[in-house]
Amino acid sequence: MNAQHPSTSLLEGLNDKQLEAVTLPHQSALILAGAGSGKTRVLTTRIAWLIQTGQVSPNGLLAVTFTNKAAKEMLTRLSAMLPINVRGMWAGTFHGLCNRLLRAHHREALLPATFQILDTADQLSSIKRLMKQMNVDDEKFPPKQVMGYINSCKEEGLRANAVDAYDAHSQRMREIFEEYDRQCQREGVVDFAELLLRCYELLSRDASIRQHYQSRFKYILVDEFQDTNRLQYLWLKLLAGADNCVFAVGDDDQSIYAFRGARVGNMRDFEQDFNVRNIVKLEQNYRSHGNILDAANAIITHNRNRLGKNLWTSAGKGEPIRVYQAYNDIDEANFIVDEIKSLHSEGTELSEIALLYRSNAQSRVLEHALFSAGLPYRVYGGLRFFERAEIKHALAYLRLIANPNDDTALLRVINFPTRGIGARSLEQLQEAARAEDCSLWQAAINKVGNGRPGKGVEGFVALIRQMAEEATGLTLPEMAEIATTLSGLRTHYQNEKEGEDRIANLDELISAAVTFVNNNEDAGTLTDFLTFASLEAGEHQAEVGRDALQLMTVHAAKGLEFRTVFISGLEEGLCPHEQSLYETNGLEEERRLMYVAVTRARQRLYLSHAQSRMLHGQVRYGISSRFLDEIPEALLKRLNTRASPGRGGYGESPVSQTATSSEQKNSMPWKIGQAVAHSKFGQGVVVNYEGNANDMRVQVNFGSEGMKWLMLEYAKLEKV
DNA sequence: TCCTGAGTAGTTTTT
DNA sequence: CTACTCAGGA
């Protein structure tokens, strides 16, 4: 403590609860941090406070996040608070930290020093290759499903020998799992889940390594705790041991990643297992106006099994939440465009406006309308830099320089650019490799001996050898240059019609290597760079700089905030998504998703739904989302009560084709898409009909009440 | 080896 | 509807 009042300035401006969390004594704690409650601030201030008050040195704590972005944000804020070098700190993602640990103890972890990391695409092709070799029917065992199985087993902390298999199918799955792990081990590669599992196994098996880290990390801090999976939880528990304390920050109401293994239940387990005395709740929200928070609270109270939390704000009620009922998806998009235009002309920056949707497919119609209106926008999601094909090709050459036994990398480029190695020679190679139980590279070497440059496999072996030879002693950017040029990739794309962008990306890879070396004065090896490429695949492509609207899924919006938010497609089947209704607790997760979406808005929130929308090439009729009904009417401002086809695109059809025009007007006003009310089933929408004017049945979608056929003659249906 | 056409599936995503 | 995969022909 060298400054006069070091902690005063650090702690200044914190509210009581935040202060309590930041200055908790050495004990495990659970911080329930609502949306917009200053979660990141509390986390970083806690770290800074611990260091500044001399309770721990920067090396004595471990801070874990889920994304690189969050880790970077934490460190940036920290270095603004304290004059310390944050470089060497153990702060990063679960995967990043496990990687670091495994590199340091690769021998004990039974891995080669230069082990490579498979991303999801690599893993899938590795599994496909294995299944082909094992003669597994990929109709009965879809590779994607097999991958999901393997990953979820690993995320539960289970190896093949530990999983249950009662029938032939699951036994076969287990077999593939086992073989897959063997294949990875032989090739010196690990997938994402393996990074964690290996690390966990290393720590549980090796007491001296475990004790070393346990005595080092007195304080462990975890961000987004509600997103941890089983294995991550076990890992934390192991690392904490009996004496260390874990500071877990999370929000059970924002748990939206169960589908990838997150267990909200970890929060309750944590309370028990870590002897948590009291839970600190951060409920004051600094982001949104009152009406928005009231709506969010109203929605989320419909969930059971919450830890319990109610957001409040000292800001005023603010504007009402605007609700628009669109005729169809095109009308909805046009409405949004019109609103954005007037917001923009009133001075709102486009980048302060977000368009959120449940599924990516919904962006198409929005994009079309925005494009026609000449409004600039950015769509989040899609391919990232290091996932682009040409980049993966170049990286595969680099991977072969680092470790030629990496079969996945070898297969990716052995014939790309084409060098006359067809399916036949590849088969021979794989046959030989299997017979010798060696890598494809070994098999290739055995085949061609010391091979002189030439065609086919010989040429490839010579090429990789030449690359490796030239690469020794070169800098990383120079190696990247070799991988893009000597490989023939550059020439290949030069001859391609639309190869210009790809060449530009190859150049970008070299720039990335330059930046990487500059940022890592101590560690700039090839393996480090390849690890970086796998673990930090870069931003989701989206141009920066220009003032543009932000389009993204609700998932992608988590953690972000905007002045104005549009949530579109609020219909049953889309939000909540129909698939979710079959999953256990699926509806509650969808509701949390809605909660996350609503709490992104600071000042203005628009909710819209369409009576019909084009989905999978068919017009679908849906009723408005139950989540809309869960918001008190007093918070809403309905911008229209009846949707008109005014700005819609595709036409409408009256229910009856046989009816005459007068009948259509009088006795037959039931159109597909007409909102109706039934005394027993509630609100619904007409989706189909049969019969004629005198004897007509209509099919009505009553949402949660299901689909019903009703005789018009008997059912007392009212138009709404 | 490359291209074309048939066939199919179609939430959410980070590492 | 569309985007992606895969098999088979030029």
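Residue numbering note: each chain is counted from 1, following its sequence as written. Each chain gets a letter, beginning with A, and each ligand a number, beginning with 1, in the order they are written. Confidence filtering applies because this is a predicted model: local features only for residues at pLDDT of at least 70, side-chain atom pairs given and counted only at 80 or more, and all residues used for totals across whole chains, interfaces and linings. Hydrogens and water molecules were not included; the side-chain quantities draw on all heavy atoms of the structure.

In the annotation of an unreviewed UniProt entry, the entry for chain A reads DNA 3'-5' helicase, and the organism field reads Methylovorus glucosotrophus.

Asks: Explain the overall build of chain A to me, please; I cannot follow it from the model alone.
Replies: For chain A, the helix and strand inventory stands at 28 helices and 21 strands. Taking 720 residues into account, the globule formula puts the C-alpha radius of gyration at 27 Å, and chain A, at 29 Å, falls close to it. Projected onto its principal axes, the C-alpha coordinates of chain A cover approximately 90 × 75 × 55 Å. Only protein chains enter the accessibility calculation, which uses a 1.4 Å probe. A residue is then buried if its area is under 20% of the maximum for its type, exposed if over 50%, and partly exposed in between. Within chain A, buried positions represent 53% of all 720 residues. Residues are treated as being in contact if the distance between any of their heavy atoms lies within 4.5 Å. Pairs at least 24 apart in sequence give 75% of the contacts found in chain A among residues at least 6 apart. Surface accessibility follows the Shrake-Rupley procedure with a 1.4 Å probe radius. Residue values consider only the protein chains on display as shielding. When the accessible surface of chain A is totalled, it reaches about 32,700 Å², and 48% of it is carbon and sulfur. Residues counted as positive are Lys and Arg, residues counted as negative are Asp and Glu, and His and the chain ends are not counted. To locate a charge, take atom NZ for lysine, CZ for arginine, CG for aspartate or CD for glutamate. Averaging the positions of the 81 positive and the 89 negative side-chain charges in chain A gives two centres separated by 1 Å. Secondary structure is summarised from DSSP: a helix means a run of H or I of at least four residues, a strand means a run of E of at least two, and numbering begins at the N terminus for each. The globule rule used here is 2.2 Å times the number of residues to the 0.38 power, and the radius of gyration it is set against is calculated over C-alpha atoms.

Asks: Please explain the sheet that holds strand 7 (residues 245-250) as it appears in this structure.
Replies: Through backbone hydrogen bonds, the strands of a sheet pair up, either in parallel or in antiparallel fashion. Ordered by their spatial adjacency, six strands build an open sheet running 3-2-6-7-1-8, and the pairing between neighbours is parallel. Strands at the two margins of the open sheet, each flanked by one partner only, are strand 3 (90-93) and strand 8 (279-282). Averaged over all neighbouring strand pairs, the angle between strand axes comes to 15°, with direction disregarded. Pairing of strand 6 (residues 219-222) with strand 7, which is carried by four bridges, proceeds in the parallel orientation. Bridge pairing in strand 7 links I220 to V246. Here, any two strands with at least 2 DSSP bridges between them count as paired. Axes, fitted as lines to C-alpha atoms, cover a helix only where it is in contact. Angles between the N-to-C directions of the axes lie from 0 to 180 degrees.

Asks: Where do I start with helix 10 (residues 207-216) in this structure?
Replies: Think of an α-helix as 3.6 residues a turn; residues three or four steps apart then line up on the same face. All of the buried residues along helix 10 are I209, R210, Y213 and Q214. Projection of helix 10 onto a plane perpendicular to its axis shows the buried side chains occupying an angular sector of 130°, all on one side. For helix 10, the secondary structure elements touched by its buried residues are strand 3, helix 5 (94-104), helix 9 (192-205) and helix 11 (230-240). Arc definition: it is the arc formed by the directions from the helix axis to the C-beta atoms.

Asks: Please clarify how the domain arrangement of chain A should be interpreted in this entry.
Replies: Note: interface size is frequently given as the accessible area lost on complex formation between the parts. Throughout the structure description, domain borders are defined by an automatic or database domain assignment. Taken domain by domain, chain A consists of domain 1 (9-107 + 196-284), domain 2 (116-187), domain 3 (298-384 + 541-638), domain 4 (386-537) and domain 5 (674-719). On a C-alpha basis, the centroid separation for the pair domain 2 and domain 4 is 26 Å. Counting residues at the interface gives twelve residues for domain 2 and 18 residues for domain 4. The term buried area means the drop in 1.4 Å probe accessible area that two parts suffer when joined, counted for both and summed. Between domain 2 and domain 4 the total buried area reaches about 1,400 Å² when both faces are included, carbon and sulfur atoms providing 45% of it.

Asks: Looking at this structure, how should I read the confidence of the model for chain A?
Replies: Detailed reading of the predicted coordinates is not advisable wherever pLDDT falls low. Within chain A, residue pLDDT values average 89, and 91% of them lie at 70 or more. Note: pLDDT gives the predictor's confidence per residue, expressed from 0 to 100. In the predicted structure, residues 1-5 sits below a pLDDT of 50 and forms three contacts with residues beyond four places in sequence or in another chain. Confidence drops under a pLDDT of 50 for residues 651-668, and excluding neighbours within four residues, the segment shows 26 contacts in the predicted structure.

Asks: Is there a simple way to think about the UniProt feature "domain: UvrD-like helicase ATP-binding" (unreviewed entry) in chain A in this case?
Replies: In the numbering used here, UniProt assigns the feature "domain: UvrD-like helicase ATP-binding" (unreviewed entry) to residues 12-289. Between the first and last C-alpha atoms of residues 12-289 the distance is 24 Å; the span itself is 49% helix and 12% strand. UniProt positions are given in the numbering used here, feature names are shortened, and annotations may be inferred rather than shown by experiment.

Asks: I would appreciate a short explanation of the nonpolar core in the present structure.
Replies: Side chains of nonpolar character tend, in soluble globular proteins, to be buried together. What makes a nonpolar core is a set of buried Ala, Val, Leu, Ile, Met, Phe, Trp, Tyr and Cys residues whose side-chain atoms join them at distances within 4.5 Å. The biggest cluster of nonpolar side chains holds 50 residues, and the ones touching the most others in it are F386, L395, Y397, L398, F460, L509 and F529. Examining the composition of this core, we find that eight residues originate from one element, helix 16 (residues 389-402), more than from any other. Residues within four places of L398 in sequence aside, it is in contact with M479, A480, A483, L526, F529 and L530. Listed in part, the 44 residues of the second largest apolar core include L102, V190, L202 and W235.

Asks: Would you mind showing me how to read the packing of aromatic side chains here?
Replies: For any pair of aromatic rings, the description consists of the separation of the ring centres together with the inter-plane angle of the planes. By convention, a stacked pair of Phe, Tyr or Trp rings (six-membered ring in the case of Trp) has centres within 6.5 Å and planes under 30 degrees apart, an edge-to-face pair has planes over 60 apart, and any other such pair is tilted. Under the definition given, this model contains 21 aromatic pairs. Here the aromatic rings of Y213 and F217 are separated by 5.9 Å at their centres, their planes lie at 25°, and the arrangement is stacked. On the basis of relative accessibility, which here comes to 1%, the residue F217 falls in the buried class. Among the aromatic residues, those joined into a cluster by ring pairs are F385, F386, F516, F529 and F532. Comment: the charge-over-ring label is applied if NZ (Lys) or CZ (Arg) is within 6 Å of the ring centre and within 35 degrees of the ring normal. If you follow R100 out to its NZ or CZ, it ends over the ring of W90, 4.0 Å from the centre. A cation over a ring is seen here: R260 above Y257, with NZ or CZ 3.7 Å from the ring centre.

Asks: Is there a simple way to explain the protein's contact with DNA strand C in this structure?
Replies: Any residue with a heavy atom positioned within 4 Å of a molecule or strand is treated as near that molecule or strand. DNA strand C sits among K128, R364, H616 and G617. The sugar-phosphate share of atoms of DNA strand C within 4 Å of the protein amounts to 56%. As used in this structure description, the phrase polar contact means that two N or O atoms lie within 3.5 Å; if the pair is within protein, one of them must be able to donate a hydrogen and the other to accept it, and residues adjacent in sequence are counted only when both atoms belong to side chains. R364 places a side-chain nitrogen or oxygen 2.3 Å from a phosphate oxygen of DNA strand C. Residues of the surface near DNA strand C, tallied by class, amount to no nonpolar, two polar and two charged. Polarity classes work like this: nonpolar for Ala, Val, Leu, Ile, Met, Phe, Trp, Tyr, Cys and Pro, charged for Asp, Glu, Lys and Arg, and polar for all others, with Gly in that last group.

Asks: Is there a simple way to explain the protein's contact with DNA strand B in this structure?
Replies: Among the 25 residues in the neighbourhood of DNA strand B, the closest are listed as N68, R358, N360, T553 and E583. In DNA strand B, atoms within 4 Å of the protein come 53% from sugar and phosphate. In this structure, H577 approaches DNA strand B through a side-chain N or O atom, which is 3.2 Å from a sugar or linking oxygen. Here a base oxygen of DNA strand B sits 2.2 Å away from a polar atom, N or O, in the side chain of E583. Of the residues belonging to the surface near DNA strand B, the class tally is five nonpolar, 16 polar and four charged.

Asks: Would you mind showing me how to read the side chain of N15 here?
Replies: You can see N15 is positioned in the loop between helix 1 (6-11) and helix 2 (16-22). If sequence neighbours within four positions are ignored, N15 has contacts with Q284 and Y286.

Asks: Is there a simple way to explain the packing of helix 16 against helix 24 (residues 526-535) in this structure?
Replies: Two packed helices can be described by the angle between their axes and the distance between those axes. Where helix 16 contacts helix 24, the two axes come as close as 10 Å, and the packing angle between them is 140°. The angle between the axes of helix 16 and helix 24 places the two elements in the oblique class. Along this stretch, helix 16 crosses helix 24, giving a crossing that reads as left-handed. Across from L395, L398, R399, I401 and A402 in helix 16, the residues of helix 24 making contact are L526, T527, F529, L530 and A533. Along the lines of polarity and charge, the residues of the contact of helix 16 with helix 24 split into eight nonpolar, one polar and one charged. Roughly parallel covers angles under 35 degrees, roughly antiparallel covers those over 145, roughly perpendicular covers 65 to 115, and oblique covers all other angles. By convention the crossing between two helices is left-handed if the near helix lies anticlockwise of the far one by an angle smaller than a right angle, and right-handed if it lies clockwise.

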